[in-house]
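Chain and residue survey
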Amino acid sequence: MTSSQKTKKQELPPTAWAVLGLLSFPGERTGYELKKWADSSLRFFYWSPAISQIYAELRRLEELGYASSARSGPEEARAKRRYAITDAGREALAGWAADTAEAGPPVLKHGLLLRVWLGHLAEPELLRAMVGEHMERTREELAAVREAMEHAADVPEWAFPALALRWSERQHLAELELAEALLADLAGLAEDGEHAAPEAGTPGRQADGDAPTAG
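Residues numbered from 1 in each chain as written. Predicted model: local features only at pLDDT ≥ 70, side-chain atom pairs only at ≥ 80, totals over all residues. Heavy atoms only, no water.

Glancing now at the overall build of the protein chain. Counting its secondary structure elements, the protein chain contains eight helices and two strands. The N-to-C order of helical and strand elements in the protein chain reads α-α-α-α-β-β-α-α-α-α. Within the protein chain, the proportion of its 215 residues that are buried is 30%. The long-range fraction of contacts in the protein chain, counting pairs at least 24 apart against all pairs at least 6 apart in sequence, stands at 60%. With the model as given, the accessible surface of the protein chain reaches about 14700 Å², and the carbon-plus-sulfur share is 55%. (Helix = DSSP H or I, 4+ residues; strand = E, 2+ residues; numbered from the N terminus. Buried < 20%, exposed > 50% of the residue type's maximum accessible area, 1.4 Å probe, protein only. Contact = heavy atoms within 4.5 Å. Areas by Shrake-Rupley, 256 points an atom, 1.4 Å probe, with all protein chains shown as cover.)

What follows concerns helix α3 (residues 31-39). Side chains of residues three or four places apart in an α-helix project in the same direction, reflecting 3.6 residues per turn. Buried residues of α3: G31, L34, K35, W37 and A38, and no others. Axial view of α3: buried residues confined to an arc of 165 degrees, hence all on one face. Of the surrounding elements, those touching the buried residues of α3 are α2 (14-23), α4 (51-64) and β2 (81-85). (Arc of directions from axis to C-beta.)

Turning to the pattern of salt bridges, a few remarks are in order. For the structure shown, the criterion picks out six salt bridges. Here K35 and D39 are joined by a salt bridge, their closest N and O atoms 3.1 Å apart. Here K35 and its partner D39 are both found in helix α3, four residues apart, which amounts to about one turn of the helix. For K35, a relative accessible area of 18% gives the class buried. Taking the relative accessible area as the measure of exposure, D39 reaches 28% and is therefore partly exposed. A salt bridge links E57 to R60, with the nearest nitrogen and oxygen atoms 2.9 Å apart. In this pair, E57 and R60 are both assigned in helix α4, three residues apart and thus about one turn of the helix distant. Exposure remark for R60: the relative accessible area of 33% places this residue in the partly exposed category. (Salt bridge = Lys/Arg side-chain N within 4 Å of Asp/Glu carboxyl O.)

Let's shift gears to the packing of aromatic side chains. Here the structure, examined in full by the defined rule, presents four aromatic pairs. When the ring of W37 is compared with that of W158, the centres are 5.5 Å apart and the planes differ by 50 degrees; the resulting orientation is tilted. Taken together, the residues W37 in helix α3 and W158 in the loop between α7 (124-152) and α8 (159-192) connect sequence positions 121 residues apart. Each member of the pair W37 and W158 is classed as buried. Members of the aromatic cluster, connected to one another through ring pairs, are W17, Y66 and W96. (Phe/Tyr/Trp six-rings, centres within 6.5 Å; stacked < 30°, edge-to-face > 60°.)

Bringing a nonpolar patch on the surface into the picture now. On the surface, F45, Y46, W47 and W167 cluster together into a nonpolar patch covering about 450 Å² of accessible area. Its location among the elements puts F45 in the loop between α3 and α4. Of the residues examined, F45 reaches a relative accessible area of 36% and is grouped as partly exposed. (Patch = residues over 30% accessible without salt bridge, like charges linked within 9 Å, V, L, I, M, F, W, Y side chains within 5 Å.)

Classification of W37 as buried rests on a relative accessible area of 15%. Separated by 15 residues in the primary sequence, W37 and L22 have C-alpha atoms spaced 7.8 Å apart. Setting aside residues no more than four positions away along its own chain, W37 makes contact with L22, F25, R29, L42 and W158.

As structure tokens, then:
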């Protein structure tokens, strides 16, 4: 590997490694097939890149020599370009996967909780409805996770992806429990009546200090 390739390797974003990871399993795949696989696996515990991002990363990986591609022959009615990982790509991916310093902490961006945080500006009924909708979406995602788990169960090469999906199942179950607890907390606020949303133009009592938490 040249010094230029080493520099590019160090600058690769996690999305590039995720795409290369999809290629590390047996077989060759088109960009569209990689997107479908990401939607049925990666998105349950990390993130599913857009199809445009997948193709952009595939081009980058080819430039680095981490992936190769070939167009299908005349036997297919519609020409397709299929990608595969190279030996250099597998070596680089193994090194990245073993580097715990690059894992980093999990990042949580919970859109519902951001709205609950601003609950003093919302109607309590609306907040409860939003939590209910969130629970319904979570149940749908949980069903999709379990479908993916069933699909991966009998494939020996997918043993470790199956572990990640099992973790995702537990995470979705925990999310449902947290949502139930949040509904109970919102009901508690409604009962004491002290945290209703103020009317427009009505000054509210200011808490001591300039922030609701220490720091």
